[in-house]
Amino acid sequence: MTRPSVLLHRAAAHWWLTFPLLTALGCALSSLFPSLHLLGWVALVPFYVGLQRCRGYRQSAWFGFITGLLTFGLSTYWMAEFITLFKNYRLVSAVAMASVYWCYCALIFVVVAIVTHRARQTRCELWLFPLALALVFAWFPVLFPWQLGNGQHPFLVAIQGVDITGVSGLDFIIGLVNVLLAQGFMRKRIRAGWQRRLAYGLLLGWFGYGAVQLHFWQKPQAANAVLAVGLVQANGPPSLNPPIAPKGYSLSYPPEMALTEQLAQQGAALVVWPEYDRQYYNLPAVKLAYQRQVAALATPMMLQSVEKTPGPDGYQKFSTITLLDAQGQETGKYQKVQRIAVAEYLPGLDQLPGVKAVVLNYLGDFFGDYQPGPGPARFQLGPLALTPLICYEVILPRFVARSVAASGGNIITVQSNNSWFGDSRVPYQHMGASVLRSVENRRPLIHAMNNGLGGVVAASGQILLQTSAKEIAGYLVEVPYSANPPTTIYQRWPWLTLGIFSIVSIVLLFRRRSVAISV
């Protein structure tokens, strides 16, 4: 039998692979499984320890690349499933294509590794490592932006400070904890003891503020009004074609409308459908039927559908949310602003017609060619206002903050469709991002999701309702909200934290060298 000490010795001998794998497992598990979120506070320790063994920028960059490739390969393993559903590829081909995306995302860790190596020359590793993490995860352009703090949504005390800093502040705190643990593990002393004391002081302040804020926002008086919301969950399959009504239903009377009737009878003051095109704008008969049924129920309803409007070059296509009031009249419309690259638009290819033609030929009908909407919308529902968002938009913290600030909404609503990601853990990651957006803006959030997991989040970050996946269902939930919600620091200045982090990083990076390291 191999002794544990021998295994540890072998692992240490292959540190260039063992440490990246440990970091990848920790990051992936904390991101995909909410119950394992605490792993995120130690996942980066092997990465940091491994960087101390790297000699020179080139070795640091390769170590960062291996770590990033494994981390994104595990955290976004669902890219392969997405490609399989999209192009009907076999698993091997889908993984090969997804690997291109993972290699690109791995550059995030490459940048962090290079900055950390530079930090070793300035005696500022304690600060530059977490600063680099926060900045690169926030600014690096990827298809599906993700930040470390999104996986910490069950840790309510830890996430309260994002109403000041946004999720990037939480990313910094996570990085700082990992550095302190790693330096303790290596018994590495910091010459300037004040740096360590300042770090502990920041952590104490962050979690102390979190405890105070959580206590306040969980008080009944923090929300002085309640809205009875009917949350409808569909279970439609991924399809590029218009949906086919199930047996016993029709396009004018889909299963969602039957659930809406039940929820209205139970006292819902608003019913929210998920993102799933039911041909509301394409078929006039469907539009008229919906309006009449909503008027008969006397219950406002929100639905999403594809809308085509005349444009200079034919028709323009929008992903649109519509609010029907208690009389069945359209009183609010929001057209999606933040589109998904490749699926809904092709960034930068209008100036390259030859390349664009090749890409369009490959994408086929999957490419939607959607136009961006004019901006945030405000849906008035009696005395309260709603800030509507569509799917992907909720993972963009600065966009959400600007939308809430512009609309002045009391409640955030999100309508999503994750059917293209199959049976993966994407809905859990999506819901985690929703929790962080709720706390950043101190607004309750309603998330209606095709295939699940939908849910309702309080302004404290507490999940009041989380639906089951892969089922057609309706849920009635009372959503507490504030009639006069506050404007958070992050909502007012969403770029403030990143601006401060950038300035501090530049100052620290270009300090006079104090230790010579071979490169």
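Residues numbered from 1 in each chain as written. Predicted model: local features only at pLDDT ≥ 70, side-chain atom pairs only at ≥ 80, totals over all residues. Heavy atoms only, no water.

Could you clarify how one ought to interpret the overall build of the chain in this entry?
What the chain contains, in helices and strands, is 19 helices and twelve strands. For a compact globule of 519 residues, the expected C-alpha radius of gyration is about 24 Å, and the chain comes in at 24 Å, within 12% of that figure. For the chain, the spread of C-alpha atoms along the principal axes amounts to about 75 × 55 × 55 Å. Sorting the 519 residues of the chain into buried and exposed places 57% on the buried side. Counting contacts in the chain only where the partners sit at least 6 residues apart, residues at least 24 apart contribute 75% of the total. For the chain, the computed accessible surface area is about 22,600 Å², with 62% contributed by carbon and sulfur atoms. (Helix = DSSP H or I, 4+ residues; strand = E, 2+ residues; numbered from the N terminus. Rg over C-alpha atoms; globule rule 2.2 N^0.38 Å. Buried < 20%, exposed > 50% of the residue type's maximum accessible area, 1.4 Å probe, protein only. Contact = heavy atoms within 4.5 Å. Areas by Shrake-Rupley, 256 points an atom, 1.4 Å probe, with all protein chains shown as cover.)

What am I meant to see in the sheet that holds strand S3 (residues 301-311) here?
Hydrogen bonding along the main chain pairs the strands of a sheet, whether they run parallel or antiparallel. One open sheet holds the six strands; their spatial order is S5-S4-S3-S2-S1-S12, and the pairing between them is mixed. Single-partner strands in this sheet number two, and they are strand S5 (330-335) and strand S12 (473-481). Taking the axes of each pair of neighbouring strands and ignoring which way they run, one obtains an average angle of 40° across the sheet. Helix-sheet contacts for helix H13 (residues 255-265) involve strand S1 (225-233), strand S2 (270-272), S3 and S12, and the interaxial angle to S1 is about 150°. (Pairing = 2+ DSSP bridges. Axes fitted to C-alpha atoms, helices over the stretch in contact; angles between N-to-C directions.)

I would appreciate a short explanation of the nonpolar core in the present structure.
Most often, soluble globular proteins keep nonpolar side chains buried together rather than apart. With 119 residues, the main nonpolar core has Phe47 and Phe129 as its most contacted residues. Considering each element in turn, this core owes the most residues, twelve residues, to helix H8 (residues 125-139). In terms of nonpolar packing, the next biggest core, distinct from the first, is built from 15 residues, Leu259, Ala268, Tyr281 and Val294 among them. (Core = buried A, V, L, I, M, F, W, Y, C linked by side-chain atoms within 4.5 Å.)

Please clarify how the packing of aromatic side chains should be interpreted in this entry.
Scanning the entire structure with this criterion turns up 25 aromatic pairs. Centroid distance Trp78 to Phe144: 5.6 Å. Interplanar angle 80°. Geometry classified as edge-to-face. Placement of the pair is Trp78 in helix H5 (residues 78-87) and Phe144 in the loop between H8 and helix H9 (156-159), with a sequence separation of 66 residues. Note on Phe144: relative accessible area 16%, which makes it buried. For the pair Trp273 and Tyr290, a centre-to-centre distance of 5.4 Å together with 70° between the ring planes defines the contact as edge-to-face. Separated by 17 residues along the polypeptide, Trp273 in the loop between S2 and helix H14 (284-297) and Tyr290 in helix H14 bring together distant segments of the chain. Assigned by exposure class, Trp273 and Tyr290 land together as buried. (Phe/Tyr/Trp six-rings, centres within 6.5 Å; stacked < 30°, edge-to-face > 60°.)

Just to check I follow, could you spell out the pattern of salt bridges for this structure?
Side-chain pairing between opposite charges can occur once the charged atoms of the two side chains come close. The full count for this structure, using the stated rule, is seven salt bridges. A salt bridge links Arg442 to Asp163; its shortest N-O distance comes to 3.1 Å. Of this pair, Arg442 sits in the loop between helix H17 (426-441) and strand S9 (445-450) while Asp163 is found in helix H10 (residues 162-165), placing the two residues 279 residues apart along the sequence. By relative accessible area, which is 3% here, Arg442 ends up buried. (Salt bridge = Lys/Arg side-chain N within 4 Å of Asp/Glu carboxyl O.)

It is not clear to me how the environment of Ala223 should be interpreted in this structure. Could you clarify?
Relative to the helices and strands, Ala223 is located in the loop between helix H12 (193-217) and S1. In this structure the C-alpha to C-alpha distance between Ala223 and Tyr481, which are 258 residues apart in sequence, comes to 4.7 Å. Once residues within four sequence positions are removed from consideration, Ala223 is found in contact with Pro480, Tyr481 and Ser482.

It is not clear to me how unusual backbone geometry should be interpreted in this structure. Could you clarify?
When glycine is set aside, most residues are seen to have a negative phi, and most peptide bonds are trans. Note that the residue after Gly452, namely Leu453, is joined by a cis bond; omega there is -5°. As for its position among the elements, Leu453 is in the loop between S9 and strand S10 (455-457). Positive phi is not limited to glycine here, since Cys391 has a value of about 45°. With respect to the secondary-structure elements, Cys391 resides in the loop between strand S7 (384-390) and helix H16 (397-407). Here Cys391 falls in the buried class, since its relative accessible area comes to 8%. Although it is not a glycine, Asn451 adopts a positive phi angle of roughly 75°. Relative to the elements of secondary structure, Asn451 occurs in the loop between S9 and S10. Since its relative accessible area comes to 5%, Asn451 is described here as buried.

Can you walk me through the side chain of Thr320 in this structure?
Structurally, Thr320 is set in strand S4 (residues 314-324). For Thr320, a relative accessible area of 0% puts it in the buried group. Ignoring any residue separated from it by four or fewer positions in sequence, one finds Thr320 in contact with Tyr281, Leu303, Gln304, Ser305, Glu307, Lys333, Tyr334, Gln335 and Ile390.

Would you take a moment to explain the state of the cysteines for this structure?
By definition, a disulfide is the covalent link that joins the sulfur atoms of two cysteine residues. Throughout the structure, instances matching the rule amount to zero disulfides. Here Cys124 is not disulfide-linked; the sulfur of Cys54 is the nearest cysteine sulfur, at 19 Å. Judged by its relative accessible area of 2%, Cys124 is buried. You can see Cys391 has no disulfide; the closest cysteine sulfur is in Cys105, sitting 18 Å from it. (Disulfide = S-S within 2.5 Å.)

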